Structure formats: C-alpha cells, structure tokens
Amino acid sequence: LAARDVHRFVLGDERVDIRAWPVFTADARLVGTVDRLLIESATRKIRYISVALVAKSVREYFPAKRGSVLVPIGLVRRLDDRQAVALKRLGSNQLTAAPRLAARSVTRGDEDATLAAYGMPNSRELLASDFYKRPEFDEGALAVAAR
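Quick caveat, the model's predicted, so the values are computed rather than measured.

Caption draft 1: Quick peek at the overall build of the chain. A tally of regular secondary structure across the chain gives two helices and six strands. Going residue by residue from the N terminus, the α and β elements of the chain occur as β-β-β-β-β-β-α-α. For the chain, buried positions account for 46% of its 147 residues. Considering only contacts in the chain between residues 6 or more positions apart, those separated by 24 or more positions represent 54%. Surface summary for the chain: the accessible area is close to 7,900 Å², and the carbon and sulfur share equals 51%.

What follows is the structure, encoded as structure tokens:
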C-alpha cells in the first residue's frame, strides 16, 4: 500500500521522508524521483519506493518508457545530507526494463515481476516467512543519522 493510503501512518522521527527526492542509479545516472513509499500494512514497514522515471538522464539520453517502477527499500541509500538517493546494485538499464506500476495496489505478482527483472529471488523461490527478512527489504538506510 502507498503510505498515504494507510490510516494514521507516520514516518516517525527515526525515518526520513524521501518523497520527491531525485534518484540516481548505481551507474550514476539521474533516472527519476521518489514518488511513493510503499509499506507492508501488517508491519507498517516501508518495503519499496516507487520511482517515477524520466526519459533523460543528466549525462545522456536513454530510452525509457514513462511510468513508475518499484525498488526494494534495502537497495536505497541516502547521499550524505543531500536530499537525493542512490540505488545500490541497480543500473539504469535494469530500471528501464522493470515493469511499470499499474494504477492499483501493488500485488505479489508485481513484486515478483520486479524482482525477477532485477535478477533477485522472488516469492516463488522463498518461504513466505523469509520474504521480507532479506537485506533488500531493510529500511535502515532511511534512518536519521545520530548527530
């Protein structure tokens, strides 16, 4: 579910709201902006971000079908104190090949198709109880650094 659709959902003091921040891939290309935080309703943990893709990167043009794609939250890291995020292990080609989100709630099928596009194990390969226990779904990268 999108965070905005969950009754009384708040990020809290320990997490940073990265919505509208620019997104850079592992190959250092600006590919879009964070347009949604998607949470698992049972645990209220962020599991994915949705990245609204742009057709041009800062460095060069790469063809992109417009739309938004899922990225597991554990692959997102903040760029120091700048209001931008970078994706670990995901290049612009992987994002452009990922399935686009439909205008409905995200399904397990959407998750599986996205993870397959990124070369990651999906729900058909893992026990349901272990699915979100992997580092790819650790939201720790959004934690506010101790000052």
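So much for the structure itself; the text now carries on.
Caption draft 2: Broad picture of the environment of glutamate 139. Topologically, glutamate 139 is positioned in the segment after α2 (108-117). A relative accessible area of 17% means that glutamate 139 is categorised as buried. Dropping the residues within four chain positions of it, glutamate 139 is found in contact with Arg15, Lys45, Ile46 and Ile73. At 2.7 Å, the side chain of glutamate 139 forms a polar contact with the backbone nitrogen of isoleucine 46.

Caption draft 3: Highlighting the pattern of salt bridges. Taken as a whole and judged by the stated rule, the model has seven salt bridges. Between aspartate 110 and arginine 104 there is a salt bridge, with its nearest N and O atoms 2.6 Å apart. When its relative accessible area of 17% is taken as the criterion, aspartate 110 is described as buried. On the basis of relative accessibility, which here comes to 44%, the residue arginine 104 falls in the partly exposed class. In this structure, the salt-bridge partner of aspartate 112 is arginine 124, at a minimum N-O distance of 3.6 Å. Of this pair, aspartate 112 sits in helix α2 while arginine 124 is found in the segment after α2, placing the two residues 12 residues apart along the sequence.

Caption draft 4: A look at the pairing of strand β2 (residues 30-40). Of the pairings in the sheet, the one linking strand β1 (residues 22-24) to β2 comprises three bridges and is antiparallel in character. When the bridges of β2 are listed, proline 22 appears paired with threonine 33. Between β1 and the antiparallel strand that follows it, β2, lie five residues; alanine 28 among them carries a positive phi value of about 65°. Where β2 lies against strand β3 (residues 45-53), eight bridges are found, and the strand directions are antiparallel. Counterpart to threonine 33 in the pairing with β3 is alanine 52.

Caption draft 5: Representation of the sheet that holds β2 within the structure. Overall, mixed pairing links the six strands, which are arranged β4-β3-β2-β1-β6-β5 in an open sheet. This sheet does not close on itself; its edge strands, each paired only once, are β4 (67-72) and β5 (76-78). Adjacent strand axes in the sheet meet at a mean angle of 40°, parallel and antiparallel pairs treated alike. Sheet topology note: the β3/β4 ladder contains six bridges and is antiparallel. From the neighbouring strand, valine 51 faces β4, where its bridge partner is valine 69. Against the sheet, α2 makes contact with β3 and β4, and its axis sits at roughly 80° relative to β4, the strand it touches most.

Caption draft 6: Region of interest: the packing of aromatic side chains. Counted by the stated rule, this structure contains four aromatic pairs. Taking 5.0 Å as the distance between ring centres and 85° as the angle between the ring planes, the aromatic pair formed by tyrosine 132 and phenylalanine 137 counts as edge-to-face. One aromatic cluster is present, built from ring pairs that chain together Tyr48, Phe131, Tyr132 and Phe137. Directly above the ring of phenylalanine 131 sits arginine 108, whose terminal nitrogen or CZ lies 4.2 Å from the centroid.

Caption draft 7: Here's a closer look at the confidence of the model for the chain. For the chain, the average pLDDT comes to 82, and 82% of its residues sit at 70 or higher. Least confident of the elements in the chain is helix α1 (residues 92-97), whose mean pLDDT is 87; most confident is β4, at 95.

Reading the values: rules and limits
Residues numbered from 1 in each chain as written. Predicted model: local features only at pLDDT ≥ 70, side-chain atom pairs only at ≥ 80, totals over all residues. Heavy atoms only, no water. Helix = DSSP H or I, 4+ residues; strand = E, 2+ residues; numbered from the N terminus. Buried < 20%, exposed > 50% of the residue type's maximum accessible area, 1.4 Å probe, protein only. Contact = heavy atoms within 4.5 Å. Areas by Shrake-Rupley, 256 points an atom, 1.4 Å probe, with all protein chains shown as cover. Polar contact = N/O pair within 3.5 Å; in protein donor to acceptor, adjacent residues only side chain to side chain. Salt bridge = Lys/Arg side-chain N within 4 Å of Asp/Glu carboxyl O. Pairing = 2+ DSSP bridges. Axes fitted to C-alpha atoms, helices over the stretch in contact; angles between N-to-C directions. Phe/Tyr/Trp six-rings, centres within 6.5 Å; stacked < 30°, edge-to-face > 60°. Lys NZ or Arg CZ within 6 Å of the ring centre and 35° of its normal. pLDDT = per-residue confidence, 0-100.

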